[in-house]
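These are the residues of each chain, in order.
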Amino acid sequence: MRLVVITDILTQHRFSHRELVQLAIRGGADTIQLREKHMKTQQLLAITQEISQWCKEAKVRFIVNDRVDIAFLCDADGIHLGQDDLPISSARKILGSQKTIGGTAATLEQALEVERQGADYVGFGHVFPTSSKVKTGSPKGVSELKRVCQALKIPVVAIGGIHLGNIKSVMEAGPGGIAVCGAVCRADNPEIATKTLKDYLNLSSQKIPLVSKF
Amino acid sequence: MSFMEGLSLKVKSPQCVSSRLYLIADTQVENLVSKVEEALAAGITAVRLRDHHSTVRETLSLARKLRDATDRVGAAFFVTDRLDLMWTTTADGIHVPEEGAPVKTLRPHIPHRLIGKSVHTLEGAVQAEKDGADFITYSPIFETPSKKGILEPRGLNALRDVCEVISIPVFALGGMTPERAKLALEAGAYGVALIRAVLEAPSIRDAVSEFRSILGEL
């Protein structure tokens with residue numbers, strides 16, 4: 001089971017992206033996803049080039065949010081695209097078949113569409129209430145998550161308000177991975193928070209096979 | 001290779017070679033697409049989309065409309081800042097803002113596209129040329145609503161300095177009028193970049209014609 005840690009500097013100001021990445025890597029995150037919507041390209045590229053290098057050295061997957069140009073230029077492992085971002089097909093043309101492309105979905109229909117467009121995984125949520133970003137509609141819940149996981153051939157990454165207290169119910173729905181933002185970025189100690197989540201996933205997911213591109 | 005030779009190789013239409021008017025299609029202008037189409041019909045041969053507030057999906061949709069409009073008349077099309085939008089819309093080049101990706105990072109990835117760079121200082125102009133930009137816009141030459149309170153007008157003397165020091169084409173930008181365009185060319189500018197002087201003119205056709213006659217175009 002994959003643990004995706006999303007770095008966010010909008011809902012907390014104690015840590016920078018770089019600091020969060022280092023803490024999450026030390027804590028054992030499988031994937032780092034950089035969420036940054038306001039930074040100018042020059043600065044964003046400088047940060048992502050550095051993080052991309054760290055992730056390569058640590059053998060951690062690095063995914064950039066939204067910006068296909070940045071993912072290309074910093075040689076990230078992949079891109080995560082929201083519904084308002086560049087279409088998945090355009091991203092695929094730019095990044096090629098080796099890179100991981102994920103798409104956000106808030107409904108089963110969207111999830112199927114993301115799969116149809118050629119994504120490697122779907123980020124589905126928000127599963128629970130969250131304060132980490134502007135949300136589409138009400139929380140989808142674990143039963144809807146389960147429906148999506150069963151309907152799709154590509155892995156589903158559950159996202160939105162997931163923490164140690166509800167992770168068990170999420171995993172029972174059968175996702176290929178779990179993405180957390182607040183549970184790590186806003187934890188007292190992001191490294192320990194990452195490690196605790198990762199340990200839990202390791203202990204309880206031995207039956208779930210890892211899928212190659214996620 | 002000169003800018004003009006470069007353009008004739010990189011851009012589809014030879015008409016672009018004569019382009020000394022660089023139209024900045026800024027999304028703050030209302031009815032942008034139809035106004036740009038009018039400007040293209042009047043002889044504008046290079047258009048750059050500058051989008052401040054949209055989502056990428058919205059920018060992409062707008063960029064595709066402008067790509068189609070420029071294609072119809074064989075004009076060059078540039079996106080701002082985003083390499084992914086450039087590729088996706090098959091734009092002829094990218095215009096890199098002051099805080100965009102370094103030109104030297106972009107250059108090796110796009111040897112056959114054009115790179116324009118926004119510059120506000122002499123040092124920036126020298127760096128842009130060194131990094132491999134095909135051309136720059138230097139601004140603001142005169143006072144302009146776009147940069148009012150943000151950047152002081154550079155004036156014609158500073159423009160002259162920039163044009164003397166670098167050899168890639170310099171487009172003078174900021175507060176342009178036909179009279180000022182003449183002064184900018186006399187100061188050594190290759191051409192002028194225009195927003196409101198064209199897109200908010202009472203007659204876009206007349207405005208473009210006036211600039212073209214000053215710039216000695218057909």
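(A) Up close: the overall build of chain B. Secondary structure summary: chain B contains 10 helices and 8 strands in total. At 16 Å, chain B has a C-alpha radius of gyration in line with the 17 Å of a compact globule built from 218 residues. For chain B, with 218 residues in total, the buried portion stands at 55%. Summarising the internal contacts of chain B: among those between residues at least 6 apart in sequence, 57% fall at separations of at least 24. As presented, chain B carries roughly 9,300 Å² of accessible surface, and 51% of it is formed by carbon and sulfur atoms. Each charge class in chain B can be summarised by its mean position, and for the 26 positive and 28 negative side chains these summaries are 3 Å apart.

(B) How the structure looks around the overall build of chain A. Looking only at helices and strands, one finds 9 helices and 8 strands in chain A. Against the compact-globule benchmark of 17 Å for 214 residues, chain A has a radius of gyration of 16 Å, which places it among compact chains. Expressed as lengths along the three principal axes of its C-alpha atoms, the size of chain A is roughly 40 × 40 × 30 Å. Put simply, 58% of the contacts in chain A that link residues at least 6 apart link residues at least 24 apart. Of the roughly 9,300 Å² of accessible surface on chain A, a fraction of 53% belongs to carbon and sulfur atoms.

(C) Up close: helix α10 (residues 204-214) of chain B. All names here are of chain B. Every buried residue of α10 is listed here: I204, A207, V208 and F211. Along α10, the residues classed as buried sweep out an arc of 95 degrees about the axis, all on the same side. Exposed residues pointing more than 90 degrees away from the buried face of α10 are listed as R205 and S213. Positioned one or two residues after α10, G216 has a phi angle of 70 degrees, which is positive.

(D) Representation of the packing of helix α1 (residues 17-27) of chain A against helix α2 (residues 41-58) of chain A in the model. Residues and elements named next belong to chain A. One can describe the packing of α1 onto α2 by two numbers: an axis separation of 10 Å at closest approach and a directional angle of 10 degrees. If you check the angle between α1 and α2, you find them roughly parallel. Seen from α1, the contacting residues are H17, R18, V21, Q22 and I25; seen from α2, they are A46, I47, E50, I51, W54, C55 and A58. When the residues that make up the contact of α1 with α2 are grouped by side-chain class, the tally is 8 nonpolar, 2 polar and 2 charged.

(E) Structural context of the confidence of the model for chain B. Residues and elements named next belong to chain B. Confidence along chain B averages 91 in pLDDT terms, with 91% of residues attaining 70 or more. Low pLDDT, under 50, characterises residues 8-17; the stretch is placed with 29 contacts to residues that sit more than four places away or in other chains. Reported confidence for the predicted complex is 0.91 by ipTM and 0.92 by pTM.

(F) Focus on the nonpolar core. Residues I136(B), L159(B) and V192(B) are the most contacted members of the largest nonpolar core, which totals 133 residues. Core analysis: the next-biggest nonpolar cluster, separate from the first, contains 9 residues, I63(A), A179(A), C181(A) and C185(A) among them.

(G) Looking closely at the sheet that holds strand β6 (residues 135-138) of chain B. Residues and elements named next belong to chain B. Pairing within the closed barrel is parallel, and its 8 strands lie in the order β1-β2-β3-β4-β5-β6-β7-β8. Taken pair by pair, the neighbouring strands of this sheet meet at an average axis angle of 25 degrees, ignoring direction. Direction of pairing for strand β3 (residues 76-80) relative to strand β4 (residues 93-96): parallel, over a ladder of 3 bridges. Each bridged residue has a counterpart across the sheet, and for V79 the counterpart in β4 is I94. The strands that helix α2 (residues 32-41) touches are β1 (21-26) and β2 (46-50); relative to β1, the one it contacts most, it runs at about 170 degrees.

(H) Seen up close, the interface of chain A and chain B. Facing 19 residues of chain A, the contacting portion of chain B comprises 20 residues. Contact between chain A and chain B buries roughly 1,600 Å² in total, counting both sides, with carbon and sulfur atoms accounting for 62%. Interface area lost by chain A to chain B is led by Q42(A), L73(A) and L86(A), which between them contribute 28%. Viewed at the interface, chain B and chain A are joined by 1 salt bridge. D69(A) is paired through a salt bridge with R82(B); the nearest N and O atoms lie 3.5 Å apart. For the pair chain A and chain B, the number of links is 7 residue pairs in polar contact (both at pLDDT 80 or more). In terms of residue class, the side of chain A that touches chain B is made up of 7 nonpolar, 6 polar and 6 charged.

(I) Representation of the sheet that holds strand β1 (residues 2-7) of chain A within the structure. Residue and element names in this part refer to chain A. Around the barrel, 8 strands lie side by side as β1-β2-β3-β4-β5-β6-β7-β8; this closed barrel has parallel pairing. On average, adjacent strands in this sheet sit at an angle of 25 degrees to one another, irrespective of strand direction. In terms of strand pairing, strand β5 (residues 100-105) meets strand β6 (residues 121-125) through 4 bridges, oriented parallel. Residue A105 lies in a different strand from β6, and its bridge partner there is F124. Contacts between α2 and the sheet are confined to β2 (31-34) and β3 (61-65), with β2 contributing the most and set at about 180 degrees to the helix.

(J) Highlighting a nonpolar patch on the surface. On the surface, a cluster of nonpolar side chains totalling about 210 Å² of accessible area is made up of L122(B), V126(B) and V165(B). Under the relative-accessibility criterion, L122(B) is labelled partly exposed at 31%.

(K) Inspection of the state of the cysteines at higher detail. All names here are of chain A. This model, assessed by the stated rule, comprises 0 disulfides over all chains. Cysteine C74 is unpaired, with the sulfur of C55 as its nearest cysteine sulfur at 9.3 Å. Summary of cysteine pairing: C185 is not part of a disulfide, and the nearest cysteine sulfur, belonging to C181, is at 4.4 Å.

(L) Just the pairing of strand β8 (residues 191-194) of chain B, in detail. All names here are of chain B. The side-chain alternation of β8 yields two buried faces, one formed by G191 and A193 and the other by V192 and L194. With 3 bridges joining them, β1 and β8 adopt parallel strand pairing. Within β8, the position partnered with L23 by the bridge is L194.

Cut-offs used in this document
- Residues numbered from 1 in each chain as written.
- Chains lettered and ligands numbered in written order.
- Predicted model: local features only at pLDDT ≥ 70, side-chain atom pairs only at ≥ 80, totals over all residues.
- Heavy atoms only, no water.
- Helix = DSSP H or I, 4+ residues; strand = E, 2+ residues; numbered from the N terminus.
- Rg over C-alpha atoms; globule rule 2.2 N^0.38 Å.
- Buried < 20%, exposed > 50% of the residue type's maximum accessible area, 1.4 Å probe, protein only.
- Contact = heavy atoms within 4.5 Å.
- Areas by Shrake-Rupley, 256 points an atom, 1.4 Å probe, with all protein chains shown as cover.
- Lys, Arg positive; Asp, Glu negative; His and termini not counted.
- Charge placed at Lys NZ, Arg CZ, Asp CG, Glu CD.
- Arc of directions from axis to C-beta.
- Axes fitted to C-alpha atoms, helices over the stretch in contact; angles between N-to-C directions.
- Parallel < 35°, antiparallel > 145°, perpendicular 65-115°, else oblique.
- Nonpolar A, V, L, I, M, F, W, Y, C, P; charged D, E, K, R; others polar.
- pLDDT = per-residue confidence, 0-100.
- Core = buried A, V, L, I, M, F, W, Y, C linked by side-chain atoms within 4.5 Å.
- Pairing = 2+ DSSP bridges.
- Buried area = accessible area lost by both parts, 1.4 Å probe.
- Salt bridge = Lys/Arg side-chain N within 4 Å of Asp/Glu carboxyl O.
- Polar contact = N/O pair within 3.5 Å; in protein donor to acceptor, adjacent residues only side chain to side chain.
- Patch = residues over 30% accessible without salt bridge, like charges linked within 9 Å, V, L, I, M, F, W, Y side chains within 5 Å.
- Disulfide = S-S within 2.5 Å.

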